[in-house]
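Close look at the chain arrangement
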Amino acid sequence: MGFKANARKRRQAAAAASGPAEKKQEEYVGEKKCDVADCDNWADKKIGGRRLAFDRAVDVWGESGLSTEARRVTVCKSCYRAWKKAKKDEPTEWT
Ligand SMILES: [Zn+2]
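First, a word on what this report is: a plain description of the structure on this page. Predicted, not measured: the structure shown is a model, and the values here were computed from it.

Cut-off values and rules
- Position numbers for residues count from 1 along each chain, tracking the sequence in the order it is written.
- The predicted origin of the model limits local features to residues at a pLDDT of at least 70 and limits the giving and counting of side-chain atom pairs to 80 or more, whereas totals for whole chains, interfaces and linings rest on all residues.
- Secondary structure elements are defined from DSSP: runs of H or I of at least 4 residues count as helices, runs of E of at least 2 residues count as strands, and each element is numbered from the N terminus.
- Residues are called buried when their C-beta atom has 20 or more other C-beta atoms within 10 Å, exposed when it has 12 or fewer, and partly exposed otherwise; all C-beta atoms are positioned from the backbone.
- Residues are treated as contacting if the C-beta atoms built from their backbones sit within 7 Å of each other.

Points about the overall build of the protein chain
When helices and strands are tallied, the protein chain shows four helices and two strands. Put simply, the protein chain runs from its N terminus to its C terminus through helices and strands in the order α-α-β-α-β-α. Looking at the protein chain residue by residue over its 95 residues, the buried ones come to 19%.

Focus: the environment of G30
Tracing the sequence through the fold places G30 in the loop between α2 (23–27) and β1 (50–53). Taking the C-alpha atoms as reference, G30 lies 7.5 Å from A43; in sequence the two are 13 residues apart. Not counting residues within four places of it along the chain, the set of residues in contact with G30 comprises W42, D44 and I47.

Given below as structure tokens:
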């Protein structure tokens, strides 16, 4: 949790200091952060967040790539897309 809190602080400072590039994202305040370690997006269900079984998420990001050890991992919309894409490359998943 500490890592994420720090990252969030850094991002807020950067947003305050610089341009409106990320304005839309900064204005939205969600309740749940994406559990992918290097991702700082919101993962609320209403903005496309998804929940995956931990084991299925580990297949794509690895344990060190996830910032949770819960049995279910919450990911943002773009991470879910990445996950789905990675899974698509594994034909065994769908047979
Ligand atoms: Zn994410």
